[in-house]
Amino acid sequence: MIDGKRVLIILPAWNEAEGLPKILREIQQKLPGVDTLVVDDGSKDNTAAVAAASGSRVAQLPYNLGVGGAMRFGYRYAHLHDYDVALQCDADGQHDPAYVPALLEMLKEADLVIGARFDGEGSYKVRGPRKWAMKLLSVVLSRVTKTRLTDTTSGFKACNKPMIEFFSQWYPVEYLGDTIESMVGAARCGFVIRQVPVAMRERTTGTPSASPVKAMIYLARAGLVLLLAMIRRMPANLKAIQPATRTAARRPELIGKV
C-alpha cells in the first residue's frame, strides 16, 4: 500500500522473459508493498513462468490481443480485487518506477494521470511522421480534455478507483485505442486528466513496435483513430460511474447543507 491505498501495477508483456526479473525486482525495491500483475499477452517464450518466479501475479491470455486487450484484462482484475489505484507500466524497462509517487500525488486532483515524456524531463525524442502525429494529437486532445497535454500516446499512466471501474467496463483494444480513444472517452464522460513529466529510459529488451516503414503511415492512422473516437457513441451505462474529482467538487456544498 502507498498512503493507505491499495496499488496495482499492470505490466502488459509480450515475449519479455529476458528483462522481466530486473524490472519486477526494481519495482519491489522502489515501491515495497505495491502489487504487480504481469499480463502475458500470448507470449511464445516463458514470460509467464519468469514473472511468477519473480513474485508477481500473472495472467496468461490465450493469444496476442495487443496492449489494449491486455490492459482491459488488467483493469478488470483491479476492479474485481478492489484496488484504489492502478498503474500501467511497460515491461521493457522504459518506465522508471521512481516516478510512481509523482503520478499518485497528481491523482489527488485528477482521475487519470499520464507520465509525459515531452514535458521537460529527460531527453527522449521522436522524429519524422511519429513526431508530427504526436504534436497534432497533443494539440487536439489538449482541447478535448481541457488541459495541457504533451504526450498523449504514453503507456505510463495511473488511474483512481472510479477510472478503474470505467476502464474495466469500457477499454478500446484497437490500434492506438488504448491511448487516444481511451483518453477521449474518459474526457467525454467527465473524468479529469492531467500529466506529470517523466524521463523515459532506453528499453532493455525486446523489439520496438514501430519500424521506419510503419512510422510513415502513423500520422494517417492516428488521425483516423482520433476521428473515430470523437464520433463514436459511449455506452449509456458508463454515465452512472461518477468521477472522484466530480464527487470531491460537490463535497463543500453537501457539508454546507448538513
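What counts, and at which threshold
Residues numbered from 1 in each chain as written. Predicted model: local features only at pLDDT ≥ 70, side-chain atom pairs only at ≥ 80, totals over all residues. Heavy atoms only, no water. Helix = DSSP H or I, 4+ residues; strand = E, 2+ residues; numbered from the N terminus. Buried < 20%, exposed > 50% of the residue type's maximum accessible area, 1.4 Å probe, protein only. Contact = heavy atoms within 4.5 Å. Salt bridge = Lys/Arg side-chain N within 4 Å of Asp/Glu carboxyl O. pLDDT = per-residue confidence, 0-100. Pairing = 2+ DSSP bridges. Core = buried A, V, L, I, M, F, W, Y, C linked by side-chain atoms within 4.5 Å.

Novice: Can you break down the overall build of the protein chain residue by residue, with the values?
Specialist: When helices and strands are tallied, the protein chain shows ten helices and seven strands. Burial statistics for the protein chain: of 258 residues in total, 51% are counted as buried. For the protein chain, long-range pairs separated by at least 24 residues make up 78% of all intrachain contacts whose partners lie at least 6 apart in sequence.

Novice: How would you summarise the side chain of Glu181 if you had to cite specific residues and measurements?
Specialist: Note on placement: Glu181 falls in helix α7 (residues 177-188). By relative accessible area, Glu181 is classed as buried at 6%. Look past the residues within four positions of Glu181 in its chain and what remains in contact with it is Trp170, Pro172, Glu174, Leu176, Ala229 and Arg232.

Novice: Mind laying out the pattern of salt bridges, listing which residues take part and the relevant values?
Specialist: For the structure shown, the criterion picks out nine salt bridges. Salt-bridge contacts for Asp35 lead to Arg57; the nearest nitrogen and oxygen are separated by 3.3 Å. Taken together, the residues Asp35 in strand β2 (residues 35-41) and Arg57 in strand β3 (residues 57-61) connect sequence positions 22 residues apart. Shared partners join several salt bridges into a network, and the residues in it are Glu26, Lys30, Asp96 and Arg201.

Novice: Give a description of the confidence of the model for the protein chain that names residues and reports values.
Specialist: Of the residues in the protein chain, 86% have a pLDDT of 70 or more, and the chain-wide mean is 85. In this model residues 248-258 is a low-confidence stretch, pLDDT under 50, and it forms one contact with partners more than four residues away in sequence or in other chains.

Novice: Tell me what's going on with the pairing of strand β4 (residues 85-88), and back it up with residues and numbers.
Specialist: Covered by surrounding structure in β4 are Val85 and Leu87 together with Ala86 and Gln88, the residues of both alternating faces. In the sheet, strand β1 (residues 7-13) pairs with β4 via four bridges, with the strands oriented parallel. Residue Ile9 lies in a different strand from β4, and its bridge partner there is Leu87. Two elements, β4 and strand β6 (residues 157-159), share three bridges in a ladder whose sense is antiparallel. Its bridge partner lying in β6, Gln88 is registered against Lys157.

Novice: Describe the nonpolar core, naming the residues involved and giving the relevant values.
Specialist: General note: in soluble globular proteins, nonpolar side chains tend to be found buried as a group. One finds Tyr75, Met163, Phe166, Phe167, Ile180 and Ile193 to be the most contacted residues of the largest nonpolar core, which totals 42 residues. When sequence neighbours within four positions are dropped, the list of residues in contact with Ile180 reads Leu137, Leu141, Ala222, Val225 and Leu226. Ala13, Ile23, Ala91 and Phe156 belong to the second largest nonpolar core, which has 31 residues in total.

Novice: Can you tell me about the side chain of Asp41, naming the residues and giving the values?
Specialist: Mapped onto the secondary structure, Asp41 falls in strand β2. Setting aside chain neighbours within four positions, we find Asp41 in contact with Ala13, Trp14, Leu61, Tyr63, Asn64, Leu65, Gly66, Val67 and Ala70.

Novice: Give a description of the environment of Leu228 that names residues and reports values.
Specialist: Looking at where Leu228 falls in the secondary structure, it is placed in helix α9 (residues 218-231). C-alpha of Leu228 to C-alpha of Gly177: the two residues are 51 residues apart in sequence and 9.8 Å apart in space.

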